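Structure at a glance
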Protein chains: 2
Amino acid sequence: MKAHVYVMPKASVLDPQGQTIHNALRKIGFANVAAVRQGKYFVLSLADGIASSTARAEVERIARDVLTNPVIEEFTYRLEE
Amino acid sequence: MKAHVYVMPKASVLDPQGQTIHNALRKIGFANVAAVRQGKYFVLSLADGIASSTARAEVERIARDVLTNPVIEEFTYRLEE
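Our subject in this report is the structure included herewith. Everything numeric here is computed off the predicted structure, so don't read it as measured data. (Residues numbered from 1 in each chain as written. Chains lettered and ligands numbered in written order. Predicted model: local features only at pLDDT ≥ 70, side-chain atom pairs only at ≥ 80, totals over all residues. Heavy atoms only, no water.)

Here's the deal with the interface of chain A and chain B
At the junction of the two partners, chain A supplies 30 residues and chain B supplies 30 residues. Approximately 2600 Å² of surface area, both sides summed, lies buried where chain A meets chain B, with 69% of it carried by carbon and sulfur atoms. On the chain A side of the contact with chain B, Phe30, Asn32 and Tyr41 of chain A bury the most area, a combined 25% of that side's loss. Summed over the shared surface of chain A and chain B, the result is zero salt bridges. At the junction of chain A and chain B, the tally comes to 12 residue pairs in polar contact (both at pLDDT 80 or more). Looking at the side of chain A that touches chain B, the elements that each hand over two or more residues are strand 1 (2–9), helix 1 (16–27), strand 2 (33–46) and helix 2 (52–67) of chain A. Broken down by element, the residue count for the side of chain A that touches chain B peaks at 14 residues, all from strand 2 of chain A. (Contact = heavy atoms within 4.5 Å. Buried area = accessible area lost by both parts, 1.4 Å probe. Salt bridge = Lys/Arg side-chain N within 4 Å of Asp/Glu carboxyl O. Polar contact = N/O pair within 3.5 Å; in protein donor to acceptor, adjacent residues only side chain to side chain. Helix = DSSP H or I, 4+ residues; strand = E, 2+ residues; numbered from the N terminus.)

Written out as structure tokens, the structure is:
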């Protein structure tokens, strides 16, 4: 089983990396892009045979306690068989 | 419309950030995690009323030419209405 974890700066937090990419895209002519946000993406390979409920609980703890800075970031995740 | 772009180091490329996170997780007791890969996650907000086919073509160009280093990374993306 794999877990995909997506970490993003909260909407209220400035995102200078995303802003820089947005500026670059406008300069090279991509006028259809109104905003860019940059976050992190993690793929966790989980042990074979792990129960879905266990996986869900562990991934949530890992995402909340290790992968995300709760002051400025928020996460979502999905499990893949 | 929003585009979600996921950039990952290719499977053949070492991922020291993912490795470091994996080691940290094992040390603090998450034994069910067999591997970790770290990549980047971008959310592009696209102009209102853009056609789906135009969005697809632009996002692919942006992902391939700007967001991804094709020597060591690969990308996937999805569009969201």
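Quick notes on the sheet that holds strand 2 (residues 33–46) of chain B
Strand order across the open sheet formed by six strands is 3(A)-1(A)-2(A)-2(B)-1(B)-3(B), with antiparallel pairing between neighbours. One side of each edge strand has no neighbouring strand; the edge strands of this open sheet are strand 3 (73–80) of chain A together with strand 3 (73–80) of chain B. Geometrically, the sheet is characterised by an average inter-axis angle of 25° between neighbouring strands, direction not taken into account. Pairing geometry for strand 1 of chain A and strand 3 of chain A, over eight bridges, is antiparallel. Pairing of Val5 of chain A across the sheet is with Tyr77 of chain A, part of strand 3 of chain A. Against the sheet, helix 1 (residues 16–27) of chain B engages strand 2 of chain A together with strand 2 of chain B, with an angle of about 125° to strand 2 of chain B. (Pairing = 2+ DSSP bridges. Axes fitted to C-alpha atoms, helices over the stretch in contact; angles between N-to-C directions.)

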